[in-house]
Amino acid sequence: MRKANWFGLLLVIYLGNVWEPLTVTSQTCSPGYQQSGNGTCLDRDECESSPCGSNATCTNTEGAFLCKCDAGFASIKGETEFTNLTIRCEDINECETKFGLFTCSFQATCYNTIGSFYCSCYEGYETIRGERNFTVKSYCKDRIECESSPCGSNAGCQNTLGSFYCVCDPGFVTSTGKSFFSDDSTLCEDIEECKSITCGPNTTCHNTEGAFYCMCDPGFATSTGNTTFVNTTTVCEDLDECKSNICGTNATCHNTVGAFYCTCDTTFVSTTGEASFTNGTTHCEHFDCLPDVNKHDAIIGERCDSSRPVGFRKNPQLLGSEFCPVIEKIFHLADEFCQNFTRRLALENVTSFASDLVGRDELWNSMETDERMQSANAFLTLVENPQLRLHWICPIRE
């Protein structure tokens, strides 16, 4: 029995020496460790209690921990890693440090944000990627605004460093009256040069989009032969249309200032019946003036003695009749008109004779019935002639 007790005692002493580090039941752990359920000291994860505060990241280590400020944050003293729990991470104003100048470079402004920053190119500048704002290292270059045609129609764009300006094309002016502009509300409008420019006498000014031109009035031409011109010293002179035989054959051309007119030669009349004409389709044809009067020659010759003074009758019994004086006067006027039917005198003679003839009853009463009819027919044939009526209606140009 004693032997057994000694053996058991030795076993207890042995096991106690072997498992002592693992079975300490009342051991005090070092800072950063905590006692486990079986009495051992294990590393304590301090990060579970978020000891670092805002804007920081906690990293656990064996028996300790480490706080690190997030990007864009640092302690007041500039520390980025710490274990002192009184330290707090605050926003870094990158724009107030050397990093602001380094990052934004020239022609840009730095703007701080919570935990970060950004650079903005000056107005009229952009990065090589065409951006206005950036955060990575870059630089600002002049933006060529004219590439986007900001000036609109009828204007030219001039680029400058950081800006641009617009100028209206020749012949246009701004709606505001300014010489230069850069806003998109200003328009370039056409200048109506004809309101202020005088082309000269016998000319007409024609306005066009952004320009103008002058033309001589009909019947005038420039000494240079140009049909249009913009030089206001150019003179428009009368064009002598008659040099080109514009009236055709059997006609005479009469030049006037800025125009002309044609008249048919003697024994010719215009195809329109007009005493004068200017169009190129009218021409002159031979005209049998009074055929209906002339066909009575044989009848009249039987009664009147043409070898004696006007008005003598072959039949002495009819000497008191006014037939021969009247009929011969009609033939005289007919001959005068047919030879000179463009002359005012011939028309005046016909008119005067007509007034005298109509108002004298005794003259008609002295004739035989057939003589009155022949006289009346001959006179009506004369006054109803188309050419004579035309000259009574239309003024005659001498």
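To be clear, the structure that these remarks concern was listed above.
Residues numbered from 1 in each chain as written. Predicted model: local features only at pLDDT ≥ 70, side-chain atom pairs only at ≥ 80, totals over all residues. Heavy atoms only, no water.

A. How the structure looks around the packing of aromatic side chains. Throughout the structure, instances matching the rule amount to two aromatic pairs. Ring geometry for tyrosine 111 and tyrosine 118: centres 5.1 Å apart, planes at 20°, overall stacked. When its relative accessible area of 30% is taken as the criterion, tyrosine 118 is described as partly exposed. Between tyrosine 165 and phenylalanine 180, the ring centres sit 5.3 Å apart and the planes meet at 90°, which makes this aromatic pair edge-to-face. Of this pair, tyrosine 165 sits in strand β14 (residues 163-168) while phenylalanine 180 sits in strand β16 (residues 180-181), placing them 15 residues apart in sequence. (Phe/Tyr/Trp six-rings, centres within 6.5 Å; stacked < 30°, edge-to-face > 60°. Buried < 20%, exposed > 50% of the residue type's maximum accessible area, 1.4 Å probe, protein only. Helix = DSSP H or I, 4+ residues; strand = E, 2+ residues; numbered from the N terminus.)

B. Representation of the pattern of salt bridges in the model. Enumeration according to the criterion identifies four salt bridges in this entry. Residues glutamate 126 and lysine 141 are paired through a salt bridge, measuring 3.9 Å at the closest nitrogen-oxygen approach. Here lysine 141 lies in strand β12 (residues 140-142) and glutamate 126 lies in strand β10 (residues 125-127), a separation of 15 residues in the sequence. Lysine 195 is the salt-bridge partner of glutamate 192, the closest N and O atoms lying 3.6 Å from each other. The exposure class assigned to glutamate 192 is partly exposed, which follows from its relative accessible area of 43%. A residue is classified by how much of its surface remains accessible, and lysine 195, at 69% relative accessible area, is exposed. (Salt bridge = Lys/Arg side-chain N within 4 Å of Asp/Glu carboxyl O.)

C. Structural detail: the state of the cysteines. Within the structure shown, the criterion is met by 15 disulfides. Note that cysteine 95 is cross-linked by a disulfide to cysteine 110, the S-S spacing being 2.0 Å. When the S-S torsion is -75°, as for the bridge of cysteine 95 with cysteine 110, the disulfide is left-handed. With cysteine 95 in the loop between β7 (90-91) and α2 (98-104) and cysteine 110 in strand β8 (residues 108-113), this pair connects stretches of sequence that are 15 residues apart. When its relative accessible area of 26% is taken as the criterion, cysteine 95 is described as partly exposed. Here cysteine 151 is linked by a disulfide to cysteine 166, with a sulfur-sulfur distance of 2.0 Å. Taking the sign of the S-S torsion, about -80° here, the bridge from cysteine 151 to cysteine 166 comes out left-handed. Taken together, the residues cysteine 151 in the loop between β12 and β13 (155-160) and cysteine 166 in strand β14 connect sequence positions 15 residues apart. Comparing cysteine 151 with cysteine 166, the two get one shared label, buried. (Disulfide = S-S within 2.5 Å.)

D. The sheet that holds strand β24 (residues 259-264), seen in detail. Read from one edge of the open sheet, three strands run β23-β24-β26, paired in antiparallel fashion. Strands at the two margins of the open sheet, each flanked by one partner only, are β23 (251-256) and β26 (276-277). The pairing of β24 with β26 spans two bridges and is classified as antiparallel. Residue pairing in the sheet places cysteine 262 in a bridge with phenylalanine 277 of β26. (Pairing = 2+ DSSP bridges.)

E. Summary view of the sheet that holds β8. Spatial strand order, β8-β9-β11: three strands in an open sheet with antiparallel pairing. Among the strands making up the open sheet, the edge pair consists of β8 and β11 (133-134). In terms of strand pairing, β8 meets strand β9 (residues 116-121) through six bridges, oriented antiparallel. Bridging across to β9, asparagine 112 finds its partner in phenylalanine 117.

F. Spotlight on the nonpolar core. If you look at the biggest cluster of nonpolar residues, it comprises 16 residues, and the most contacted ones within it are Val326, Ile330, Phe353 and Leu357. Elements that contribute at least two residues to this core include exactly α5 (323-339), α6 (344-358), α7 (361-365) and α8 (369-383). (Core = buried A, V, L, I, M, F, W, Y, C linked by side-chain atoms within 4.5 Å.)

G. Seen up close, the environment of asparagine 349. Along the chain, asparagine 349 turns up in helix α6. Note: C-alpha distance between asparagine 349 and leucine 333 (16 residues apart in sequence) is 7.3 Å.

H. How the structure looks around the environment of threonine 272. Summarising the element assignment, threonine 272 is placed in the loop between β25 (268-270) and β26. With a relative accessible area of 45%, threonine 272 lands in the partly exposed category. Between the C-alpha atoms of threonine 272 and cysteine 284, which are 12 residues apart in sequence, the distance is 9.1 Å. A polar side-chain atom of threonine 272 sits 3.3 Å from a polar atom in the side chain of glutamate 274. (Polar contact = N/O pair within 3.5 Å; in protein donor to acceptor, adjacent residues only side chain to side chain.)

Interpretation note: all reported values are geometric properties and have no functional meaning in isolation.
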